[in-house]
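Fold and geometry: a report
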Amino acid sequence: MIQELTDSFSALTVFQVTVLAIALLLWLLRFLYLLLFPLRVVSNKNKAEENDKNTSLSILLTVRNEENNIRETFPSLLTVEGADYEVVAVDDFSQDNTLSVLGLLKQRYEKLKISSLSQETRHSEKLSQNIALKLASKEWALIYPINAQKVSEEWLAEMCKSSDDTTSVKVGYVTVLRAKSWFNKLYRVENFFQQVKSASFILNGAAFVYNEENVAFKRTEYFNHGGYGVKVNEPFANLELVLNDIITKKNSEFNFSDKSVVEKQFSVGQSDFTNLIRKSIRIEKYLSNRKKFLLEIDRLTEIFYPLFVVFSLFVALTIWPVILTFILLKLLVFMVIIKILQNRLNEHKLFITSLVFSFIRPFYRLIFKWRFNRTSRNYKWKNKG
């Protein structure tokens, strides 16, 4: 067998060797990415666990026509013991009984503060968040989803922990409750890959987040950076835009454990899945050139690696055992990493879908980004007329 492979290598043409060299380089880049980025998320130790210091926290919610979710979510959110926190809710010009329900809850719970927008405005969610941050009085703030499941004492305790005074941002994990729906699975897989990538980039000094929810940050940082500023006009992203101006490797930490997970419950449709991708594309647009460059290198190698692997098998089939060994080694490492992380984050029944989607995802996102950018340009051109 070894002699046959040696003879096969000796018989390779310059073209075949060139194709194999490119495929090997792409394999090496993808393998190093796994070791230096996602694997670091697996091995990362939460710094806050080494210290008993707790911080005070303002939990912020902006709500619009959410009276049913408020009745389900707020009682558990307002009755957690053992933490210094408050809940700040801003009504975003609701047309139902949301504000009345909030008013009744305010009479029962001292921890609740409420305010409201009195009229319909553009970018009202950002304005509501700004009002909530001004109304809040605690050192730290966190955007909480109104459609989240029951709040646990463990979650609040985890998000109130802090490692030291240099930490300004603490990133938790947020997902959607599992349901028997194809788009539910697609949404959860895309969301999983986005947040793992965000965490891995934080550890490698190119910090940013794709999601504003379940991210605790010092309120003073928001105001020191001037709030939203000109970014208030961005339609697809909210507080992520400000957080990505604040967050660095040195001032951030993340807690990817089952205790810090927030699970939302809603029926995921096609628009929810596509909006998740649109949002990530727009968030990347506002990142620094260095972070964009790293993301682009990751994206290009992710696309060209499988193409050159298939091509190398086609042009050098005689050495297929060697090529297959490299493929399986990388695949095995990838499988182990995502399995560990999904178990840690309670992302059950998602492993096979993640494997399949990981092969399709780079090409799907490439096409989606091209169509989305083209649509955005056409929309701007029409508006100028």
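These notes cover the structure that comes with them. Since we're looking at a predicted model, the values are computed, not measured.

Here the focus is the overall build of the chain. A count of helices and strands for the chain gives 14 helices and nine strands. Computed over its C-alpha atoms, the radius of gyration of the chain comes to 24 Å, within 12% of the 21 Å expected for a compact globule of 385 residues. Taken along its principal axes, the extent of the C-alpha atoms in the chain is 85 × 60 × 40 Å. Of all intrachain contacts in the chain linking residues separated by at least 6 positions in sequence, the fraction that spans at least 24 positions is 83%. Looking at the chain as shown, the accessible area adds up to about 19300 Å², and 58% of this sits on carbon and sulfur atoms. Computing the positive centroid from 51 side-chain charges and the negative centroid from 39, the chain places the two 6 Å apart.

Together, Arg-178, Lys-180, Lys-339 and Lys-349 line one region of the surface with positive charge. Note on placement: Lys-349 falls in the loop between helix H13 (320-344) and helix H14 (351-384).

Right, let's talk about the side chain of Asp-298 for a bit. As for its placement among the helices and strands, Asp-298 is situated in helix H12 (residues 289-315). On the basis of relative accessible area, Asp-298 is assigned to the buried category, the value being 5%. Side-chain polar atoms of Asp-298 contact the side chain of Lys-197, separated by 2.6 Å. Not counting chain neighbours up to four residues away, the residues in contact with Asp-298 comprise Arg-30, Tyr-33 and Lys-197.

Turning next to the environment of Leu-26. Structurally, Leu-26 can be placed in helix H2 (residues 14-36). Residue classification places Leu-26 among the buried residues on the basis of a relative accessible area of 10%. Leave out the neighbours within four places in its chain, and Leu-26 touches Thr-301, Phe-304, Tyr-305 and Phe-308.

Before going further, it helps to spend a moment on the packing of helix H8 (residues 182-203) against H13. One way to put it is that H8 packs onto H13 with a least axis distance of 12 Å and a crossing angle of 100°. Compared by their axis directions, H8 and H13 come out roughly perpendicular. Across the interface between the two elements, Phe-192, Phe-193 and Val-196 of H8 pack against Phe-334, Ile-338, Leu-341 and Gln-342 of H13. A breakdown of the residues in the contact of H8 with H13 according to their chemical character gives six nonpolar, one polar and no charged.

Note on strand geometry: in a regular strand, side chains alternate between the two faces of the sheet. Here six bridges tie strand S2 (residues 85-92) to strand S3 (residues 112-117), and the two strands are oriented parallel to one another. Within S3, the position partnered with Val-88 by the bridge is Lys-113. A crossover links S2 with its parallel partner S3, the connecting element being helix H5 (residues 98-108), and its sense is right-handed.

Bringing a negative patch on the surface into the picture now. Together, Glu-81, Glu-153, Glu-154 and Asp-258 line one region of the surface with negative charge. Residue position: Glu-153 is located in helix H7 (residues 153-160). A relative accessible area of 51% places Glu-153 in the exposed class.

Another aspect to go through is the nonpolar core. Counting residues in hydrophobic clusters, the biggest one holds 56 residues, and the most contacted among them are Leu-60, Val-171, Phe-192, Phe-217 and Leu-239. Here this core gets eight residues from one element, more than from any other, and that element is H8. The contact partners of Phe-192, leaving out residues within four places of it in the chain, are Tyr-173, Ile-338, Leu-341, Gln-342 and Leu-345. Among the nonpolar cores identified, the runner-up in size contains 30 residues, and Phe-74, Leu-142, Val-151 and Leu-156 belong to it.

Scoring rules and cut-offs
Residues numbered from 1 in each chain as written. Predicted model: local features only at pLDDT ≥ 70, side-chain atom pairs only at ≥ 80, totals over all residues. Heavy atoms only, no water. Helix = DSSP H or I, 4+ residues; strand = E, 2+ residues; numbered from the N terminus. Rg over C-alpha atoms; globule rule 2.2 N^0.38 Å. Contact = heavy atoms within 4.5 Å. Areas by Shrake-Rupley, 256 points an atom, 1.4 Å probe, with all protein chains shown as cover. Lys, Arg positive; Asp, Glu negative; His and termini not counted. Charge placed at Lys NZ, Arg CZ, Asp CG, Glu CD. Patch = residues over 30% accessible without salt bridge, like charges linked within 9 Å, V, L, I, M, F, W, Y side chains within 5 Å. Salt bridge = Lys/Arg side-chain N within 4 Å of Asp/Glu carboxyl O. Buried < 20%, exposed > 50% of the residue type's maximum accessible area, 1.4 Å probe, protein only. Polar contact = N/O pair within 3.5 Å; in protein donor to acceptor, adjacent residues only side chain to side chain. Axes fitted to C-alpha atoms, helices over the stretch in contact; angles between N-to-C directions. Parallel < 35°, antiparallel > 145°, perpendicular 65-115°, else oblique. Nonpolar A, V, L, I, M, F, W, Y, C, P; charged D, E, K, R; others polar. Pairing = 2+ DSSP bridges. Right-handed = clockwise from strand over helix to strand, strands pointing away. Core = buried A, V, L, I, M, F, W, Y, C linked by side-chain atoms within 4.5 Å.

Shape is all these values report; function is a separate question.
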